[in-house]
Amino acid sequence: FTWVMIFGFALMIYAGPLALMLVVLAVQVKCFAEIINIGYAVYKIHGLPWFRSLSWYFLITSNYFFYGESLVDYFGVVDNRTEFLRALVKYHRFISFFLYIGGFVWFVLSLVKRYYMKQFSLFAWTHVALLIVVTQSYLIIRNIFQGLIWFIVPVSMIVCNDVMAYMFGFFFGRTPLIKLSPKKTWEGFIGGGFATVIFGLLISYVLCQYPFFVCPIEFNEELGRMTLDCEPSPLFRPQEYTVPASLAPLVRMVTGKNTIMIIPFLLHSLSMSVFSSVIGPFGGFFASGFKRAFKIKDFGDIIPGHGGIMDRFDCQYLMATFVNVYISSFIRMDSPQKLLQQIYSLKPELQLELFTALRDSLTTRGILQLPAP
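Residues numbered from 1 in each chain as written. Predicted model: local features only at pLDDT ≥ 70, side-chain atom pairs only at ≥ 80, totals over all residues. Heavy atoms only, no water.

Q: If you had to explain the overall build of the chain to someone new, which residues and values would you point to?
A: When its secondary structure is counted, the chain shows 15 helices and 6 strands. Relative to its 373 residues, the chain shows a buried fraction of 41%. Across the chain, every contact between residues at least 6 apart in sequence was considered, and the portion connecting residues at least 24 apart equals 71%. Only carbon and sulfur atoms are counted for the fraction: they give 70% of the accessible area of the chain, which is about 21,700 Å². (Helix = DSSP H or I, 4+ residues; strand = E, 2+ residues; numbered from the N terminus. Buried < 20%, exposed > 50% of the residue type's maximum accessible area, 1.4 Å probe, protein only. Contact = heavy atoms within 4.5 Å. Areas by Shrake-Rupley, 256 points an atom, 1.4 Å probe, with all protein chains shown as cover.)

Structural data, given as structure tokens:
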């Protein structure tokens, strides 16, 4: 069944970004359902007023807010073409807030005296599930918008680390790693880490050769759809770097000069592979501790031999957060599309004022040549 999942993952990548986003949403919903069902079973209250309905209401509300934020950021130029969408964009956060307030009031009105403690416990349980599942899936979607490579490489690294840690542990494992997972060994942890670093560099090098994987997802107004066509940025093209003085003699012996050519993304890939190898497994350890705390073997049984969806994605969510923070800190800059969305939200007179100021500035700096009157 593992090979079926790998083939399915490759098929989703071939289907394109929209298919991947829909799959992420489906996985999110299933993971949320598994966590909520555990809470429902733990507290053993099958007649609790509105618990399931409220949980799903908060899930829908959270998705409206987070996915709406993504649409506003990346498709704001399109949204502003129609009055209805323009109003939704302008008041998106206001609408989202009052949708949440509606659920909050609904919860308060559903309180029953004999269930107070359990109702508040499940209310907190629902919000923790939203934090773990919805927020992380939102970050995965944002990573996909930066380019499929920012989704494929981290996901593949986690899978590689999981598989190789098992292989090294199975053949060479002798020293227990952590009590939460008795089968995990130091040999598997270290061997899986080295394998993941090598695998990450190899898959990153291959994907950097294809614009389909490295181009950010943008809306093409002429075609009326999302596109992955662009001139790859310098991040994904070989660049010349001067090596440190201590390594210069060795490099000069090999290349005949003090510089080397390397694709910058490979250096970022190295950072991601180290995180997925050292910190990523702790997502699995956390999930193991959670299951032990509530005396359950798996989150579900939808995947034969693997348990529930959450059992397979416990490390992926942690990795998605790291990648999004990494992109925000070291990679991403405001795109012209996002700036245009902010400009279109201004009043017409302010747009004209901004246009005049930008035109004068570009002319003064010699970037724009205006025709003689």
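Q: An account of the pattern of salt bridges is requested, with residue identities and associated values reported.
A: A side chain of one charge can pair with a side chain of the opposite charge if their charged atoms are brought near each other. This model, assessed by the stated rule, comprises 4 salt bridges. The residue Glu-240 makes a salt bridge to Lys-257 at a minimum N-O spacing of 3.8 Å. Within this pair, whereas Glu-240 is found in strand β5 (residues 239-242), its partner Lys-257 is found in the loop between α10 (248-255) and β6 (259-262), the two being separated by 17 residues in sequence. The partner of Asp-360 in a salt bridge is Arg-359, and the shortest N-O contact between them spans 3.5 Å. (Salt bridge = Lys/Arg side-chain N within 4 Å of Asp/Glu carboxyl O.)

Q: Quick one: what's the story with the pairing of strand β2 (residues 181-185), residue by residue and with numbers?
A: The sheet contact formed by strand β1 (residues 176-178) and β2 spans 2 bridges and is antiparallel. Within β2, the residue paired with Ile-178 across the bridge is Ser-181. The hairpin turn running from β1 into β2, its antiparallel successor, is 2 residues long. (Pairing = 2+ DSSP bridges.)

Q: Break down the state of the cysteines for me, with residues and values.
A: Working definition of a disulfide: a covalent bond connecting the sulfur atoms of two cysteines. Scanning the model with the defined rule gives 1 disulfide in all. The disulfide that involves Cys-215 links it to Cys-230, with 2.0 Å between the sulfurs. Handedness of the Cys-215-Cys-230 disulfide follows from its S-S torsion of about -90°: it is left-handed. Placement of the pair is Cys-215 in the loop between α9 (211-214) and β3 (218-220) and Cys-230 in the loop between β4 (225-227) and β5, with a sequence separation of 15 residues. (Disulfide = S-S within 2.5 Å.)

Q: Tell me what's going on with the packing of aromatic side chains, and back it up with residues and numbers.
A: In this structure the tally under the stated criterion is 26 aromatic pairs. Where Phe-65 meets Phe-66, the ring centres are 5.1 Å apart and the plane angle is 65°; that geometry is what we call edge-to-face. Here the aromatic rings of Phe-107 and Phe-120 are separated by 5.3 Å at their centres, their planes lie at 85°, and the arrangement is edge-to-face. Of this pair, Phe-107 sits in helix α5 (residues 92-110) while Phe-120 is found in helix α6 (residues 116-145), placing the two residues 13 residues apart along the sequence. Chaining the aromatic ring pairs together yields one cluster made of Tyr-57, Phe-58, Tyr-100, Trp-106, Phe-107, Phe-120 and Phe-123. (Phe/Tyr/Trp six-rings, centres within 6.5 Å; stacked < 30°, edge-to-face > 60°.)

Taken by themselves, the reported measurements are silent on function.
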